[in-house]
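Residue-level structural notes
One-letter residues, chain by chain:
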There are 2 protein chains.
Amino acid sequence: MTYCVGMKLDDGLVFMSDTRTNSGVDNVSVYSKMTTWTTPGDRSLVLLSAGNLATTQSVVSVLDERSKIPEERHPTILEVPTMFQAARLVGDTLREVIETQHRDSGPTADATFNATLILGGQIKGMEPRLFLIYPEGNFIEAHDDTPFLQIGEVKYGRPILVRSYEPAMGFEEAVRLLLVSFDSTLKANLSVGLPIDLQTYKRDSFTLSEPRRFNADDPYYSAVSEGWGDALRSALTSLPDFTFP
Amino acid sequence: MTYCVGMKLDDGLVFMSDTRTNSGVDNVSVYSKMTTWTTPGDRSLVLLSAGNLATTQSVVSVLDERSKIPEERHPTILEVPTMFQAARLVGDTLREVIETQHRDSGPTADATFNATLILGGQIKGMEPRLFLIYPEGNFIEAHDDTPFLQIGEVKYGRPILVRSYEPAMGFEEAVRLLLVSFDSTLKANLSVGLPIDLQTYKRDSFTLSEPRRFNADDPYYSAVSEGWGDALRSALTSLPDFTFP
């Protein structure tokens, strides 16, 4: 499994992903599920991936290679004029990769090669946008009513996001909120694991911040993880007392 | 779907269940998923059910009918000498019902008639016990390391239970905690719905408290549901601030 979240804020976009991949509980590895493309001053894009690792790595490689030899196939992810077209390009690539893997795998395949992606970013002259891309290649966009998108193991970490997200929150607050959501998921599903990758994108900056990785011994992550139990107990205590009649 | 929780406390047992059953989102009904048997002074048992409604109703009816005509088949749920044997009786009944439904349904059946149950209670001379019973008829018991059992849509409401459960908490605190867990689940999954049924069992009382039902307009449920958003935001604020380097 996997847990990734993309979030729209008034200030820009925030992306967080875990790094655990597994094939059974006895075969666990660390792989980043976050890929970025940026042309300073023109565009910044972030891709988060959940699903079959062979599929998602292949999608990223295809998009990457094409952007390095743009004469072969236009337009590349560094050339598309809008985020909508970037989402379509990524969706088409995802569908092609899945189709190819199914066709090539022959009768030995007993797995589906599905994957789901989150793509967010901004291209000069337009608003920041955030998409969730399905294995079929189609996609939905985050809007004011649904301002964050999750893929992978979405359930454990969802209630805190639903309750506490505010579009006006700063990046610092958003990171704190997302770490709580990730911590709840990590505590419940072994197939979601540390380290956690973080990337923020400041609106109209057309450049990406330094990526940040939270390891198991990260003091801030530990403080959040350890403090949250006490904080929740205080929150419960602040609710009115129940009394039996 | 469904959401039910059975919880062991030092003081006894607490049971909570939603009441929504659905066959698609366009066919929704209210059914209690909580059944109780009690012989004052001797035993009190509570059964929570998730899964196919025809299966779970049938299991309850079979157990109920046999307890009223004990001469036909011994021992009934009101006669078994231990909670372990009660769990075995319920498990056997569940497996029989599922087998019968599959055998009788013939080639038109395209559904599984599965169900999962939680059984808790106390029989005189023994400790209170709590079991989760699978469709295969086998079961696991709640122990100190895993003191509460969930069935149905378990994920959304789990993080708050994992973080805030304490065996020493009183029934009042447990009800407040469970309502928060249920509220998080209701907010995320349409197939879990109000009203919510509550039953508590005080250790060594061998009698059940008056059942309590929380409707949509219940003032305490509304206070918890409305207050929890603010309480969570305060809890987040109490965590250390994140700062970018």
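Summary of the structure given here. (Residues numbered from 1 in each chain as written. Chains lettered and ligands numbered in written order. Predicted model: local features only at pLDDT ≥ 70, side-chain atom pairs only at ≥ 80, totals over all residues.)

Because an α-helix completes one turn every 3.6 residues, residues spaced three or four positions apart along the sequence face the same direction. All names here are of chain A. Across its 23 residues, helix H2 (residues 83-105) extends 33 Å between first and last C-alpha, which sits within 8% of the 33 Å expected from 1.5 Å per residue. Listed in full, the buried residues belonging to H2 are Met83, Ala86, Ala87, Val90, Gly91, Thr93, Leu94, Val97 and Ile98. Those residues of H2 that are buried lie in contact with strand S6 (43-51), helix H1 (53-68), strand S7 (115-123), strand S8 (129-133) and strand S9 (139-141). (Helix = DSSP H or I, 4+ residues; strand = E, 2+ residues; numbered from the N terminus. Expected span 1.5 Å × (residues − 1). Buried ≥ 20, exposed ≤ 12 C-beta atoms within 10 Å, placed from the backbone. Contact = placed C-beta atoms within 7 Å.)

What follows deals with the packing of helix H4 (residues 171-188) of chain A against helix H5 (residues 219-238) of chain A. Residue and element names in this part refer to chain A. The geometry of H4 relative to H5 is characterised by a closest axis approach of 10 Å and an angle of 65° between their N-to-C directions. Classified by the angle their axes make, H4 and H5 are roughly perpendicular. For the element pair H4 and H5, the recorded crossing hand is right-handed. Contact residues: H4 offers Arg176, Leu179, Val180 and Asp183, while H5 offers Tyr221, Val224, Ser225 and Trp228. (Axes fitted to C-alpha atoms, helices over the stretch in contact; angles between N-to-C directions. Parallel < 35°, antiparallel > 145°, perpendicular 65-115°, else oblique. Left-handed = near helix turned anticlockwise from the far one by under 90°.)

Quick look at the sheet that holds S6 of chain A now. All names here are of chain A. As summarised here, the arrangement of the five strands in space is S5-S6-S7-S8-S9, forming an open sheet in which the pairing is antiparallel. Each having just a single partner strand, strand S5 (34-39) and S9 make up the two edges of the open sheet. The average angle at which neighbouring strand axes cross in this sheet is 20°, direction not considered. Sheet topology places S8 next to S9; three bridges connect them, and they run antiparallel. Among the inter-strand pairings, Phe131 is bridged to a residue of S9, identified as Glu141. Each of S5, S6 and S7 is contacted by H1, which is oriented at about 155° to S6, the strand it contacts most. H2 rests against S6, S7, S8 and S9 of the sheet, and its axis sits at about 155° to S7. (Pairing = 2+ DSSP bridges.)

Glancing now at unusual backbone geometry. Most peptide bonds take the trans configuration, and most residues that are not glycine carry a negative phi. With omega at -5°, the peptide bond leading from Leu194 of chain A into Pro195 of chain A counts as cis. Following the sequence through the fold, Pro195 of chain A ends up in the loop between H4 and strand S11 (196-202). Of note in this structure, Phe206 of chain A is not a glycine but carries a positive phi near 50°. Counting through the fold element by element, Phe206 of chain A comes out in the loop between S11 and strand S12 (212-214). On the neighbour-count criterion, Phe206 of chain A (18 C-beta atoms within 10 Å) is partly exposed. The phi torsion at Asp204 of chain B lies on the positive side, around 65°, for a residue other than glycine. Its place among the elements puts Asp204 of chain B in the loop between strand S11 (196-202) and strand S12 (212-214). Judged by the 11 C-beta atoms lying within 10 Å of it, Asp204 of chain B is exposed.

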